[in-house]
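Next come the chains, spelled out residue by residue.
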Amino acid sequence: MTFSVHGLAVSRGIAIGRAVLVASSRADVAHYFVDASKTDDEIMRVRVARNAVIDEITRIKLDLPKDAPHELAALLDVHLMLLQDEQLITGVKHWISDRHYNAEWALTTQYELIARQFDDMEDEYLRERKADLEQVVERILRRMRGVASPMQPLRQAGASRKESRQGLLLDDIEDVPLVLVAHDISPADMLQFKQSLFAGFVTDVGGKTSHTAIVARSLDIPAVVGARSASQLIKQDDWVIIDGDAGVLIVDPSSIILAEYGFKQRQGELERERLNRLRHTPAMTIDGQRVELLANIEMPGDTPGALAAGAVGVGLFRSEFLFMGRESQGLGKLPDEEEQYLAYCKAIDGMQGLPVTIRTVDIGSDKPLDKLAGKAQDGHLNPALGLRAIRWSLADPPMFLTQLRAILRAAAHGRVNLLVPMLVHASEIRQTLSLLDHARAELDNRGVPYGPVQLGAMIEIPAAALTLKLFLRYFDFLSIGTNDLIQYTLAIDRADESVAHLYDPCHPAVLRLIADTIAECNAQGKGVSVCGEMAGDVTMTRLLLGLGLRSFSMHPSQILAVKQQILRADAGKLKSWAARVLASDDPAALLQSA
Ligand code: PEP
Ligand code: MG
C-alpha cells in the first residue's frame, strides 16, 4: 500500500529505488556489488569466517572452568545455535547470489531482517536474543575484516546511477537503484558513502544544516533527513521515491505515481544539463559586479568536483574530516603532521593554483572524533556549547601545533588561507596567534620550509558578530558560518529535527548579524565570505548580494544554480530592497514576494 513520510529537504532531485536499511551502528560496513562470477567466493568468505567463529566459541566452551556459572555455557550454546541458524545462512546466500552484495553487506542486511523479527516477538526471552545475534554477527564481521574481499568492487561512486534508473523498468535486479534508509548516520560514515552506489539517502533524524545533511548534500544526490520513523515504516527492499526538493518519501508507489516522478526526474536532469552550460561563464551581476564562487570541501579528493563546477578556489576545507572515523578504518587516532601535510598539499595541487582556505579542525558536537568519543560527548548536556572547534584545539596544544605546522608547510606549495572556527574571546585569538608563531619557530628550528598564509576567523557565534572590530584588528578576512550563527543566535540545535521548523535563516536577528559583518568588512576593505549553507541557498542569493556580499562558498553541487541567480541580479538595485528586508519584521515574506 502506498504511503508517504515527510521530512526535511536536504539535497535536490528525485531518486527512485529499493530501500536498503542500514542500522546506524553498521554504516561503516563496506557496501559494494561483487561480480557475478565471484559470488561463490564471497559466500565462501562468510562461511570461512563463520566456521572460525564456531571453532572459537566451541573452544571457549570447552575451556570453561568447572565452577563457571552454567548460564555461561548456555549462552555459548545459544551463540552456536544462532551461528548455524538456517535463516541467517540462506539469507546471506540470497543477498550475495541474487543481489551481488559483498559479504559484509549481505550479513548485516540479513541480521537487520532477523533483528526486526526479534523485535516483534511477544516473548521477552526471545526478544532479548537479538543482542546475542548482534554479538555473533559482530564476531563474524571482525573475522572477515582480516580477510578483505579479493575482488574489486563492481560499482563505485554511483557510476551507473542513470542506467540504474532504467533498471527500474527492466526489472533487472543488478541495475535496480538502491536508496539508503537509516535512523541516523554520522557525518564520517556518510562520507564513506561518497564512494558508494546509493541513489538517495533518508535518515530519521537530523536538521537541514546538520553535518550529516551537509555531507549528504555534497554527494549531490536526493536526500531527506528528519523523516522521523522512516526507518521503522520502510521495510528492506520496499520501493521508495525520495523527493529531495519537497522533503517527501513515497513508499510502495503506484505505477501512476512512479510515472509522474519519473517525469520529474527527467525534468531535473534537463535542468542540470542547462545549468552546466554556465560552467565557464564568469559570475557577474547585470551591473558588472564580480562575485567569487568558492567550494566547500571535506576531503582533498573533492577538488576535481570543485573545479568541474567552476569554483575559483576553496572557501572552506573542513579539515576535521581527516580526523574523524579513523578507528573504524583501522587508522591511528589522529593524523600526524606528515599525513596532514600531504592531504593539504593534495588539495592545493588539486586546485591548480587557485586559493585554498583550510579551516583548522572543528571536532565536537555532531562531529565526534569517532563513535566512542561521540558517546562520551553525549554525556554532556549541550555538546554544541562544549569542547568544540578552536576550544578543542586550544585544549590540546601539541595536537593543534601539529596541524598548524602541516598547514604552514603546505602553504609553501600554493595560496593558502588559514581559517579558525568558533572564536569568541580575545584570549582565544591571542592564544591561537601565539601558537601559530610557535609553529613557525618550530619549523625554523627544524629548517623546514613553509609559506605565508592569509589569516581568517569564522564568524559563527553572535558574540563574535557583535565584536567585529576586535576580530578585524587581528584577521585578514572573516568567513560567516551561518549554520552555527543561526543555531547559536536562535538557540536551535541545528541537528534536531524536532525544532527544525524554528531554525530560521531569515530571522531578523540573524540577518542583522550577517549584514553588520559584511558591512564592517567592506568598510575596512577586509575580505568577507559566507561559507554556511546559506551561501548555496538560491533563495538567499539576492539578499546576500544586496547586503554587499561578493564571496560565496558552498558545496560544488550548488555553484551553478547560485551563479544563475547572480547572472540575473542587479546588485545596485538590490541594495535598497535588502535594506527593506533587513528592517522588516517578516523578512521571509519579503523574500518570497521579490
Ligand atoms: C557554519 O557553521 O556555517 C560552518 C560553515 O561551519 P560548520 O557547518 O562546519 O559548522
Ligand atoms: Mg560552524
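As a reminder, the structure under discussion sits directly above these lines.
My aim in this report is to walk through the structure given alongside it, one point at a time. The shown structure was predicted, so the numbers you read here are calculated from the model rather than taken from an experiment. (Residues numbered from 1 in each chain as written. Chains lettered and ligands numbered in written order. Predicted model: local features only at pLDDT ≥ 70, side-chain atom pairs only at ≥ 80, totals over all residues. Heavy atoms only, no water.)

Brief notes about the packing of aromatic side chains
Under the criterion given, the structure shown has 8 aromatic pairs. Both rings, one in Phe-317 and one in Tyr-344, keep their centres 5.9 Å apart while their planes meet at 80 degrees; by these two values the pair is edge-to-face. Residue Phe-317 is located in strand S10 (residues 314–318), and its partner Tyr-344 is located in helix H13 (residues 337–350); the two are separated by 27 residues in the primary sequence. Tyr-344 matches Phe-317 in its accessibility class, with the two residues each being buried. Every member of this aromatic cluster is reached through a ring pair, and the members are Phe-33, Trp-95, Tyr-101, Trp-105, Phe-198 and Phe-201. (Phe/Tyr/Trp six-rings, centres within 6.5 Å; stacked < 30°, edge-to-face > 60°. Helix = DSSP H or I, 4+ residues; strand = E, 2+ residues; numbered from the N terminus. Buried < 20%, exposed > 50% of the residue type's maximum accessible area, 1.4 Å probe, protein only.)

Let's talk about the environment of Ile-114
Among the secondary structure elements, Ile-114 is positioned in helix H4 (residues 103–119). Residue Ile-114 is classed as buried on the basis of its relative accessible area of 5%. With 448 residues separating them in the primary sequence, Ile-114 and Val-562 have C-alpha atoms 46 Å apart. Residue contacts for Ile-114: discarding those within four places in its chain leaves Asp-85, Gln-87, Leu-88 and Leu-133. (Contact = heavy atoms within 4.5 Å.)

Regarding the site of ligand 1
Contacts to ligand 1 come from 17 residues, most closely from Arg-318, Arg-359, Gly-481, Asn-483 and Arg-494. The separation between an oxygen atom of ligand 1 and a polar side-chain atom of His-211 is 2.9 Å. Between ligand 1 and Arg-359, the relevant distance is 2.8 Å, taken from an oxygen atom to a side-chain nitrogen or oxygen of the residue. When ligand 1 is considered free in solution it has 280 Å² of accessible area, and contact with the protein chains removes 100% of it. Of all the secondary-structure elements, those providing two or more residues to the shell around ligand 1 are helix H9 (211–218), S10 and helix H20 (482–490). For the shell around ligand 1, the leading source of residues is H20, giving 3 residues. Broken down by class, the residue content of the shell around ligand 1 amounts to 4 nonpolar, 5 polar and 8 charged. (Near = heavy atom within 4 Å. Polar contact = N/O pair within 3.5 Å; in protein donor to acceptor, adjacent residues only side chain to side chain. Areas by Shrake-Rupley, 256 points an atom, 1.4 Å probe, with all protein chains shown as cover. Nonpolar A, V, L, I, M, F, W, Y, C, P; charged D, E, K, R; others polar.)

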